[in-house]
Amino acid sequence: MAPASSYLRTLLILGRVSNLPTVWSNCLAGWLLGGGGEVERLVWLCAGATALYLGGMYLNDAFDAQFDQQHRCERPIPSGAIQVETVWKWGLGWLFLGLITLCFFGRTTAIFAALLAGSVLVYDAVHKIFAFSPVLMAACRFFLILVAASAAQDGVTGLSLWTALVLAAYIVGLSYLARKESTMASVRYWPCLFLVAPLVLAFLVNAGDYKLPALVLGSALALWMVRSLQFAFWSPQRNIGRSVAGLLAGIVLVDLLAVGGGGTALVGAIFVALFALALLFQRFIPAT
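Owing to the predicted nature of the structure, the values given are computational and were not obtained by experimental measurement.

Asker: Please explain the overall build of the protein chain as it appears in this structure.
Answerer: Assigned secondary structure in the protein chain consists of 13 helices and zero strands. In the protein chain, the succession of helices and strands from N to C terminus is α-α-α-α-α-α-α-α-α-α-α-α-α. Relative to the 2.2 N^0.38 estimate, which gives 19 Å for 288 residues, the radius of gyration of the protein chain is 18 Å and therefore close to what a compact globule would have. A burial count over the protein chain gives 52% of its 288 residues as buried. In the protein chain, once contacts between residues fewer than 6 apart in sequence are set aside, the share between residues at least 24 apart is 74%. Computed over 17 positive and 12 negative side-chain charges, the separation of the two mean positions in the protein chain equals 9 Å.

Asker: Please clarify how the layout of surface pockets should be interpreted in this entry.
Answerer: Unfilled space is identified by rolling a water-sized probe across the atoms. What the largest pocket holds in volume is close to 860 Å³. Taken together, 39 residues form the lining of the largest pocket, with Met57, Asn60, Tyr123, Met137 and Ala178 sitting closest to its centre. Those elements that place two or more of their residues in the lining of the largest pocket are helix 3 (39-63), helix 4 (65-71), helix 6 (107-126), helix 7 (133-151), helix 8 (158-183) and helix 11 (240-249). Broken down by element, the lining of the largest pocket gets its largest block of residues, nine residues, from helix 8. Residues belonging to the lining of the largest pocket are distributed by class as follows: 20 nonpolar, nine polar and ten charged. Looking at the second largest pocket, its volume works out to about 370 Å³. Considering the residues around the second largest pocket, the lining is formed by 21 residues, among which Leu33, Leu159, Ala258, Val259 and Gly260 are closest to the centre. The set of elements that each furnish at least two residues to the lining of the second largest pocket consists of helix 2 (20-33), helix 8, helix 9 (197-205) and helix 12 (251-260).

Asker: Would you explain the pattern of salt bridges in this entry?
Answerer: If charged atoms from side chains of opposite charge come close, those side chains can pair. Counted under the stated rule, the structure contains three salt bridges. A salt bridge links Asp61 to Arg75; the nearest nitrogen and oxygen atoms lie 3.1 Å apart. With a gap of 14 residues between them, Asp61 in helix 3 and Arg75 in the loop between helix 4 and helix 5 (84-103) connect regions that are remote in the sequence. Side by side, Asp61 and Arg75 carry an identical accessibility label, which is buried. Between Arg72 and Glu74 there is a salt bridge, and its shortest N-O distance comes to 3.1 Å. When salt bridges with common partners are traced through the structure, they connect Arg16, Asp61 and Arg75 into a single cluster.

Asker: What's the story with the packing of aromatic side chains in this structure? I'm lost.
Answerer: Any aromatic ring pair is given by two values, namely how distant the centres are and how the planes are angled relative to each other. In the structure shown here, the tally under the stated rule is seven aromatic pairs. Summarising the aromatic geometry, the rings of Tyr58 and Trp90 are spaced 6.0 Å apart at their centres and angled 40° between planes, so their arrangement reads as tilted. Note that Tyr58 is positioned in helix 3 and Trp90 in helix 5, a separation of 32 residues in sequence. With a centroid separation of 5.2 Å and 75° between ring planes, the pair formed by Phe142 and Phe143 is classed as edge-to-face. Side by side, Phe142 and Phe143 carry an identical accessibility label, which is buried. Ring-pair connections join several aromatic residues into one group, and the members of that group are Tyr58, Trp90 and Trp94.

Asker: Would you explain the nonpolar core in this entry?
Answerer: When a protein is soluble and globular, its nonpolar side chains tend to lie buried together. Grouped together as the largest cluster of nonpolar side chains are 80 residues, with contacts concentrated most on Leu45, Tyr170, Leu174 and Leu177. Residues contacting Tyr170, with those up to four places away along its chain left out, are Phe194, Leu195, Pro198, Met225, Leu247, Gly250, Ile251 and Val254. Counting eight residues, the second-largest nonpolar core is a separate cluster that includes Leu11, Tyr58, Ile77 and Val87.

Asker: Help me understand a nonpolar patch on the surface, please; the structure alone is not making it clear to me.
Answerer: Side chains of Val156, Leu159, Leu161, Trp162, Leu165, Val196, Val200, Phe203, Leu204 and Val205 sit close together on the surface and give an oily, nonpolar patch of about 940 Å² of accessible area. Counting residues per element, the ones that place at least two in the nonpolar patch are helix 8 and helix 9. Mapped onto the fold, Leu161 is located in helix 8.

Cut-offs used in this document
- Residues numbered from 1 in each chain as written.
- Predicted model: local features only at pLDDT ≥ 70, side-chain atom pairs only at ≥ 80, totals over all residues.
- Heavy atoms only, no water.
- Helix = DSSP H or I, 4+ residues; strand = E, 2+ residues; numbered from the N terminus.
- Rg over C-alpha atoms; globule rule 2.2 N^0.38 Å.
- Buried < 20%, exposed > 50% of the residue type's maximum accessible area, 1.4 Å probe, protein only.
- Contact = heavy atoms within 4.5 Å.
- Lys, Arg positive; Asp, Glu negative; His and termini not counted.
- Charge placed at Lys NZ, Arg CZ, Asp CG, Glu CD.
- 1 Å grid on protein atoms, 1.4 Å probe; cavity = no way out; pocket = protein on both sides within 12 Å on 5 of 7 lines; lining within 4 Å.
- Points joined across faces, edges and corners; volume = space filled by probe spheres on them.
- Nonpolar A, V, L, I, M, F, W, Y, C, P; charged D, E, K, R; others polar.
- Salt bridge = Lys/Arg side-chain N within 4 Å of Asp/Glu carboxyl O.
- Phe/Tyr/Trp six-rings, centres within 6.5 Å; stacked < 30°, edge-to-face > 60°.
- Core = buried A, V, L, I, M, F, W, Y, C linked by side-chain atoms within 4.5 Å.
- Patch = residues over 30% accessible without salt bridge, like charges linked within 9 Å, V, L, I, M, F, W, Y side chains within 5 Å.
- Areas by Shrake-Rupley, 256 points an atom, 1.4 Å probe, with all protein chains shown as cover.

Dropping the structure here:
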């Protein structure tokens, strides 16, 4: 029984499942911005996105096996918990399953899903050697929002496209910090300015009755970003991993800000639950 539970934990760590609530949050936000639709389609959308995400995370460790041997010996492959060949099989299997699932939503969704899968593969392959790899990570979340919106009844709208763009900017700032976690290199402030892109969009597009909710939700996101960044910049003992984990959970707040002005109390409660779930999962499975 112990070996089985240990192997399951290894698989969960490889998949970085603590970040799955942010994937579901992206799906829900894109879905709502695309006009929504049948709940059953949303469930299948989340299932396909989950499989793609897991495939990307498994392949990330497979590509990084040599790097982790030197810099992150606690990861499953260098620690000997699982063979790299097995991780390759898991990763490619999940990626294929996710892509096939999303293709059933139609040609437009299939195209965006293929672009998403391609972005995942390119990022996994070059992110340790490519200085602008945060842009590739941002592309993954950008296409995920568009996948979700294209599967909804109205398709990709202007607001869903702008939301995808500012979420991508947020991911650029987040990924910049994540690149510094393993090497503990010096950290600069200016790339973190990308994190405020969702706040700028909320300020520009919300007016009238939507202005106050946007202000409240935007303030909550801003406070969470400051709280997360303090561990990287203003703590006596720098902990970049904790900052990155906090900002990853904050993706749910970015999504809530994107739809909160026009959402219902139930929608807001779902996003809050996903945010809490991301924080809870991080207590058991590392986010990075």
